[in-house]
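# Architecture at a glance
Here is how the chains run, residue by residue.
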Amino acid sequence: MKKPKLSSHTIGIILVIIDSFFFSLMTLFVKLAGDVPTMQKTFFRNFIAAIIAIIVLARSEEKFHIKKGSLPGLFARSIFGGVGMILNFWAIDHIGLADSNILNKMSPFFAIIVSIIVLSEVPNIVEVLAVVVAFIGAAFVVKPTTGLASIPAFIGLLSGLGAGIAYTFVRKLGKHGERGPVIVAFFSVFTCLLCAPFSAINFQPMTAKQLLCLLGAGTVAAIAQFAITAAYKFAPAKEISVFDYSQVIFASIWGFLVFDEIPDKWSILGCGIIITTAFAKWYYNVHIQK
């Protein structure tokens with residue numbers, strides 16, 4: 001008896017969860033690398049991704065050709081994405097894995113706001129409400145009333161802003177017809193060049209463990225990138241992207257098992273609000289909005 005084949009939608013969901021798993025591993029490796037300077041961590045994380053992306057482009061039919069008119073978007077995506085990643089890595093070293101992951105996952109809500117300017121897309125009332133509620137959830141995670149202790153969490157939130165702006169430009173580039181490998185390669189190389197001078201000036205010799213952790217971060221991030229790229233070939237982003245929030249669950253598990261991290265009640269409440277809002281928005285997009 002033949003086993004039933006998985007639907008394209010199911011395969012897409014599985015690939016998104018695989019992407020989330022490996023991206024959560026990336027944050028784990030970044031934190032395990034310890035006191036290595038943030039710029040140095042960011043350089044090594046992107047170095048492997050750059051090599052892989054360059055190889056993919058070299059083997060493609062169009063090679064390294066960049067579509068006319070794409071350069072401004074590529075630079076914008078790379079600048080905001082690079083800064084967002086640097087802030088995210090800094091936050092990972094100063095707050096729990098679950099908190100840093102959920103704050104970075106505010107990016108889709110920031111993207112709704114940024115799309116008004118970049119893509120001239122006016123959000124509907126549901127999207128506006130989703131942004132408002134998500135920011136209420138983020139406030140519980142950041143806990144601004146805790147003074148200086150809230151600064152690392154606020155930096156983590158800013159990393160989500162950088163990612164949200166970057167993803168908006170990725171969408172703009174996609175609409176312009178630019179190839180995915182070009183966007184990945186340009187971003188990876190740009191971020192390496194951005195971090196190289198700072199890494200050289202403040203280079204800190206690494207132990208074998210630290211080097212392996214950073215190379216591991218780059219490797220699993222590349223795997224995650226391939227998984228998410230494949231996922232959206234099987235199903236539309238609006239139908240499966242919400243499952244990307246499983247990264248927060250994986251990060252929470254790593255944080256508990258490896259670092260004995262237990263989020264406080266306010267962080268748990270904030271995470272719950274953000275994830276619930278994301279699911280509500282997904283349900284509206286898939287089952288109500290036609």
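Throughout this document, residue positions are counted from 1 along each chain, in the order its sequence is written. Local features in this predicted model are restricted to residues whose pLDDT is 70 or higher, and side-chain atom pairs enter the listing and the counts only when it is 80 or higher, whereas totals over whole chains, interfaces and linings include all residues. As a rule here, side-chain values cover all heavy atoms of the structure and leave hydrogens and water aside.

## Things to note about the overall build of the protein
Helix and strand assignments follow DSSP, with helices taken as H or I runs no shorter than four residues and strands as E runs no shorter than two, numbered in order from the N terminus. Helix and strand content of the protein: 12 helices and zero strands. The order of α-helices and β-strands along the protein, N terminus first, is α-α-α-α-α-α-α-α-α-α-α-α. Each radius of gyration reported is based on C-alpha atoms, and the globular scaling rule is 2.2 Å times the count of residues to the power 0.38. Taking 290 residues into account, the globule formula puts the C-alpha radius of gyration at 19 Å, and the protein, at 19 Å, falls close to it. If you line up the protein on its principal axes, its C-alpha atoms span 55 × 55 × 55 Å. Buried, partly exposed and exposed residues are distinguished by accessible area as a fraction of the type maximum, computed with a 1.4 Å probe on protein chains only: under 20%, between the cut-offs, and over 50%, respectively. Within the span of the protein, comprising 290 residues, buried residues form 47% of the whole. Counted over contacts in the protein with a minimum sequence separation of 6, partners at least 24 positions apart contribute 89%. Note on areas: these come from Shrake-Rupley sampling with a 1.4 Å probe, and a residue is covered only by the protein chains present in the view. About 14,500 Å² of surface is accessible on the protein, with carbon and sulfur atoms providing 73% of the total. Charged side chains of the protein number 23 positive and 14 negative; the gap between the two group centres comes to 8 Å. Contact definition: two residues touch when any of their heavy atoms are within 4.5 Å. Neither His nor the chain ends is counted toward charge; the positive residues are Lys and Arg and the negative residues Asp and Glu. The atom standing in for a charge is NZ when the residue is Lys, CZ when it is Arg, CG when it is Asp and CD when it is Glu.

## Thoughts on unusual backbone geometry
Unlike most non-glycine residues, S120 shows phi in positive territory, near 55°. Position of S120 relative to the elements: it lies in the loop between α5 (107-118) and α6 (125-142). S120 gets classed as exposed once you look at its relative accessible area, which sits at 59%. With a phi angle near 55°, D260 is a residue other than glycine that sits in the positive phi range. Tracing the backbone shows D260 in the loop between α11 (246-259) and α12 (265-288). Judged by its relative accessible area of 64%, D260 falls in the exposed class.

## Observations regarding the confidence of the model for the protein
Confidence scores labelled pLDDT are given residue by residue by the predictor and lie between 0 and 100. Averaged over all residues, the pLDDT of the protein is 87; the fraction at 70 or higher stands at 95%. Per-residue pLDDT, averaged within each element of the protein, yields its smallest value for helix α10 (residues 237-240) (70) and its largest for helix α3 (residues 71-92) (94).

## A look at the packing of aromatic side chains
Pairing of aromatic rings covers Phe, Tyr and the six-membered ring of Trp, with a centre-to-centre limit of 6.5 Å; geometry is then stacked below 30 degrees between planes, edge-to-face above 60, and tilted otherwise. Tallied over the full model, the rule gives 12 aromatic pairs. Pairing F21 with F250 gives two aromatic rings, centres 5.4 Å apart and planes at 85°, and the pair type is edge-to-face. Taken together, the residues span a long stretch of sequence, with F21 in helix α1 (residues 8-32) and F250 in helix α11 at a distance of 229 residues. Taken together, the ring pairs connect F21, F22, F250 and W254 into an aromatic cluster.

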